[in-house]
Amino acid sequence: MAPAQKPRVRFAPSPTGYLHVGGARTALFNWLFARHEGGALLLRIEDTDVERNRPELVDGILEGLKWLGIEWDEGPFFQSQRLDLYRAAAERLFASGAAFACYCKPAAYAGADAAPDEAEEGEGDDEGPKTQKKVACPCRDLSDAERATRETSGVPRAIRFRVARAGTTKFEDAVFGPREVQNEEIEDFVLLRSSGLPTYQLSVVVDDIDMRITHVIRGADHLSNTPKQVLLYQALGAAPPIFAHVPLILGPDRTRLSKRHGATSVGSYAEEGFLPEAFRNFLALLGWSPGDDSEFLRTSELVERFSLSGVSRTNAVFDRPKLEWFNTQYLQKPPVEELLPYVEAELKRAGLWEGSQASRDRAWFAHVVDLIRSRTRLLGDFTSWARAFFTDDFDYDAEAREKFWKDERLAAMIEKLAAALAALPDWNHDACDAALRALATAEGVKAGLLINATRVAIVGRAVAPPLFETMTVLGKDRVVGRLRRALPVLSSR
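Note that the structure is a prediction, hence the values are computed from the model and not measured.

*Asks:* In this structure, what is going on with the overall build of the chain? I would like to understand it.
*Replies:* Per the secondary structure count, the chain includes 19 helices and twelve strands. For 493 residues, the compact-globule estimate of 2.2 N^0.38 gives 23 Å, and the chain exceeds it by more than 25% at 32 Å. Considering only C-alpha atoms, the chain reaches an extent of 110 × 55 × 40 Å along its principal axes. Counting every position in the chain, which comprises 493 residues, the buried fraction comes to 53%. Counted over contacts in the chain with a minimum sequence separation of 6, partners at least 24 positions apart contribute 77%. Of the roughly 22100 Å² of accessible surface on the chain, a fraction of 50% belongs to carbon and sulfur atoms. Side chains of the chain give 63 positive and 71 negative charges; the mean places of these two sets differ by 2 Å.

So this is what it looks like as structure tokens:
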């Protein structure tokens, strides 16, 4: 008995826009399924729409997938380089009688979704199944003489699929269950335009057959395309793959996710400072459930637990606060070493890496990141309020100065504190704590006055990790130097 074929799935974006959230989720589901089943993920660029394609966006799509951590096993394949394959398939269908020549002018055939020269149904164009009874294309019943007259006259021709006027087309969907469509609801759809370019319906089926795709995992907006594609599989003598249509992603107002809901491209979230694994975890739970209340799922757990049976039929809602929650979890919970490459890249973008102590001392860098990560929400936080850990070039926050530097005695006390700290034989948390509190006692003030004023002097802000841990990490020379740097500002108040 031959072993069962390993699943082969594909992600097939069109370069008409950037990699958006919906496409990224589809790619992720395909990748998780392939990895869980030990199968293969193919990447196919569907770039036959010459009017809408923007070839320069291909790199953006590939970069988005790489950032998300979705690695494909084969490809990328470009449909624009496979046109002869589609034309040959259309001619075979024509020769067998499964297709016919159409000479209608664009939009003349009211029963069609697309006249011979109009655009195909691409990713995300359909909202649901069509139930309107279709009118057969008049060209399907032309006599040989009538066809010959049109050919002789040079009338442009497209090739349409000949849909049976009676009966039904059925298929099983792994998410939505058995589906059945009356054939009279399916128009004689275009396979090859008069320009010689294939439509989506033809190219996707020919490619999936040629690439031996076993499972088609895509958005539920493609349910209405599937009956046509099932007919094409049958006419080409191939068994249809297993279809799994995943629910759509909606905005908080329950409408289709779009730019009005904020960023929708994966690249935008990368630039904002979200971690790839946090984004993967969040996306995976948009329309899929592991079967319990688990939320924080490392990628290895997602691969282990993913199955099509966990995919919901209910549309998912993109919840930005929930995404931010996931990001904080991934900033705080994993081993700090996993964060270091991301923080390093962020510091380099901000010009804070070269020459910093972080660039010279990996252990110190890890200590700093571990100290401050519990207070971060996005990667950019490491270069904003945590800036003072990586450079001496920072300003004093105006509100912090107003609130914690208003006591006239502070200049003298900070000068004494700098001297006391400079004289410490050992530099550690307890020694710094004791020196500050001893000075507060000697000066007859509460320790909190000095703690808050010192924090503003050494990091420029009122909010920072615990003071004495911060002082320990920064080191004696930097702390003492920053206290003395603050003296002119304190004295001028």
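*Asks:* So what exactly am I meant to see when it comes to the sheet that holds strand β8 (residues 190–192) here?
*Replies:* For sheets, the rule is that strands pair by backbone hydrogen bonds, running either parallel or antiparallel. Pairing is antiparallel across the open sheet formed by three strands, whose spatial order is β4-β5-β8. If you trace the sheet from one side to the other, it starts and ends with β4 (99–102) and β8, each paired once. Pairwise comparison of adjacent strand axes, ignoring direction, gives a mean angle of 40° for this sheet. Where strand β5 (residues 158–161) meets β8, two bridges bridge the pair, whose relative direction is antiparallel. When the sheet's bridge partners are listed, Arg160 is paired in β8 with Val190.

*Asks:* Mind showing me how you'd approach the pairing of strand β7 (residues 177–182) here?
*Replies:* Sheet faces and side chains relate simply in a regular strand, where the side chains alternate between the two faces. Direction of pairing for strand β6 (residues 168–173) relative to β7: antiparallel, over a ladder of six bridges. Opposite Thr169, over in β7, you have Val181 as the bridge partner. Adjacent in sequence and paired antiparallel, β6 and β7 are bridged by three residues.

*Asks:* Honestly, the packing of aromatic side chains in this entry has me stumped. Any pointers?
*Replies:* Each aromatic ring pair is characterised by the separation of its centres together with the angle its planes make. Under the defined criterion, the tally for this structure stands at 17 aromatic pairs. Here the aromatic rings of Phe161 and Phe189 are separated by 5.2 Å at their centres, their planes lie at 15°, and the arrangement is stacked. On the criterion of sequence distance, the pair formed by Phe161 in strand β5 and Phe189 in the loop between β7 and β8 is long-range, its members being 28 residues apart. Phe161 sits in the buried class, given a relative accessible area of 5%. Note on Phe394 and Tyr396: the rings are 6.1 Å apart at their centroids and 90° apart in plane angle, and the pair reads as edge-to-face. According to the relative accessible area criterion, Phe394 is buried, its value standing at 8%. Exposure remark for Tyr396: the relative accessible area of 15% places this residue in the buried category. These aromatic residues form a ring-pair network of at least three members: Trp67, Tyr269, Phe274, Phe279, Phe282, Phe318, Trp325 and Phe326.

*Asks:* Would you take a moment to explain the nonpolar core for this structure?
*Replies:* Grouped burial of nonpolar side chains is what soluble globular proteins tend to show. One finds Trp405 and Leu421 to be the most contacted residues of the largest nonpolar core, which totals 151 residues. Those residues in contact with Leu421 that sit more than four places away from it in its chain are Trp427, Cys432, Ala435, Met471, Lys476, Val479, Val480 and Leu483. Core analysis: the second largest hydrophobic core is formed by eight residues, Phe100, Cys102, Cys137 and Leu142 among them.

*Asks:* What is the right way to read the sheet that holds strand β1 (residues 8–11) from this model?
*Replies:* Taken in spatial order, the three strands make up an open sheet running β1-β2-β3, and their pairing is parallel. Two strands lie at the open edges of the sheet, namely β1 and β3 (74–78), each paired on one side alone. Strand-to-strand, the axes of this sheet are offset by a mean angle of 25°, without reference to chain direction. Examined bridge by bridge, strand β2 (residues 40–45) and β3 share three bridges and lie parallel to one another. Following the sheet pairing, Ile45 is matched in β3 by Phe78. Lying over the sheet, helix α1 (residues 21–37) contacts β1 and β2, oriented at roughly 165° with respect to β1.

*Asks:* I tried to follow the side chain of His245 on my own but got confused; where do I start?
*Replies:* In this fold, His245 is placed in strand β10 (residues 242–246). Accessibility expressed as a relative area gives 0% for His245, which makes it buried. At 2.5 Å, the side chain of His245 forms a polar contact with the side chain of Asp173. In this structure the side chain of His245 is engaged in a polar contact, spanning 3.1 Å, whose partner is the side chain of Thr226. Apart from the residues within four sequence positions on either side, His245 is in contact with Asp173, Val175, Phe176, Arg218, Gly219, Ala220, His222, Leu223 and Thr226.

*Asks:* Just checking my understanding: could you explain helix α19 (residues 476–491) for this structure?
*Replies:* Residues that lie three or four places apart on an α-helix share one face, since the helix turns once every 3.6 residues. Here α19 is 16 residues long and its end C-alpha atoms lie 23 Å apart, about the 22 Å a rise of 1.5 Å per residue gives. Of the residues making up α19, those classed as buried are Arg478, Val479, Val480, Arg482, Leu483, Ala486, Leu487 and Leu490.

*Asks:* How should I be thinking about unusual backbone geometry in this particular structure?
*Replies:* Across the chain, the bulk of peptide bonds are trans and the bulk of non-glycine residues have phi less than zero. Between Gly75 and the following residue, Pro76, the backbone shows a cis peptide bond with an omega angle of 5°. Looking at where Pro76 falls in the secondary structure, it is placed in strand β3. For Arg254, which is not glycine, the phi dihedral falls at a positive 70°. Following the sequence through the fold, Arg254 ends up in the loop between β11 (249–250) and α7 (266–272).

*Asks:* What is the right way to look at the side chain of Asp221 in this model?
*Replies:* In this fold, Asp221 is placed in the loop between β9 (215–219) and α6 (226–235). Judged by relative accessible area, Asp221 falls into the buried class, the value being 5%. Within the local environment of Asp221, its side chain forms a polar contact with the side chain of Arg256, the two groups lying 2.9 Å apart.

*Asks:* How should I be thinking about the packing of helix α8 (residues 276–284) against helix α10 (residues 320–332) in this particular structure?
*Replies:* When two helices pack together, their arrangement is captured by the angle between the axes and the distance separating the axes. Contact geometry of α8 with α10 gives a least axis separation of 8 Å together with a crossing angle of 135°. As far as their axial angle goes, α10 and α8 are oblique. In terms of crossing hand, the pair formed by α8 and α10 is right-handed. Contact residues: Glu277, Ala278, Phe279, Asn281 and Phe282 in α8; Lys322, Leu323, Phe326, Asn327 and Tyr330 in α10. For the contact of α8 with α10, the class distribution of residues is six nonpolar, two polar and two charged.

*Asks:* Explanation requested: the pattern of salt bridges in the structure shown.
*Replies:* Pairing is possible between side chains of opposite charge, provided their charged atoms come close. If you walk through the whole model with that rule in mind, you get 35 salt bridges. The partner of Asp210 in a salt bridge is Arg82, and the shortest N-O contact between them spans 2.8 Å. With a gap of 128 residues between them, Asp210 in helix α5 (residues 200–210) and Arg82 in the loop between β3 and α3 (83–96) connect regions that are remote in the sequence. For Asp210, a relative accessible area of 41% corresponds to the partly exposed category. You can call Arg82 buried: its relative accessible area is 17%. What you see here is one network of salt bridges that share partners, running through Arg10, Arg44, Glu46, Arg82, Asp207, Asp208 and Asp210.

The rules behind each value
- Residues numbered from 1 in each chain as written.
- Predicted model: local features only at pLDDT ≥ 70, side-chain atom pairs only at ≥ 80, totals over all residues.
- Heavy atoms only, no water.
- Helix = DSSP H or I, 4+ residues; strand = E, 2+ residues; numbered from the N terminus.
- Rg over C-alpha atoms; globule rule 2.2 N^0.38 Å.
- Buried < 20%, exposed > 50% of the residue type's maximum accessible area, 1.4 Å probe, protein only.
- Contact = heavy atoms within 4.5 Å.
- Areas by Shrake-Rupley, 256 points an atom, 1.4 Å probe, with all protein chains shown as cover.
- Lys, Arg positive; Asp, Glu negative; His and termini not counted.
- Charge placed at Lys NZ, Arg CZ, Asp CG, Glu CD.
- Pairing = 2+ DSSP bridges.
- Axes fitted to C-alpha atoms, helices over the stretch in contact; angles between N-to-C directions.
- Phe/Tyr/Trp six-rings, centres within 6.5 Å; stacked < 30°, edge-to-face > 60°.
- Core = buried A, V, L, I, M, F, W, Y, C linked by side-chain atoms within 4.5 Å.
- Polar contact = N/O pair within 3.5 Å; in protein donor to acceptor, adjacent residues only side chain to side chain.
- Expected span 1.5 Å × (residues − 1).
- Parallel < 35°, antiparallel > 145°, perpendicular 65-115°, else oblique.
- Left-handed = near helix turned anticlockwise from the far one by under 90°.
- Nonpolar A, V, L, I, M, F, W, Y, C, P; charged D, E, K, R; others polar.
- Salt bridge = Lys/Arg side-chain N within 4 Å of Asp/Glu carboxyl O.

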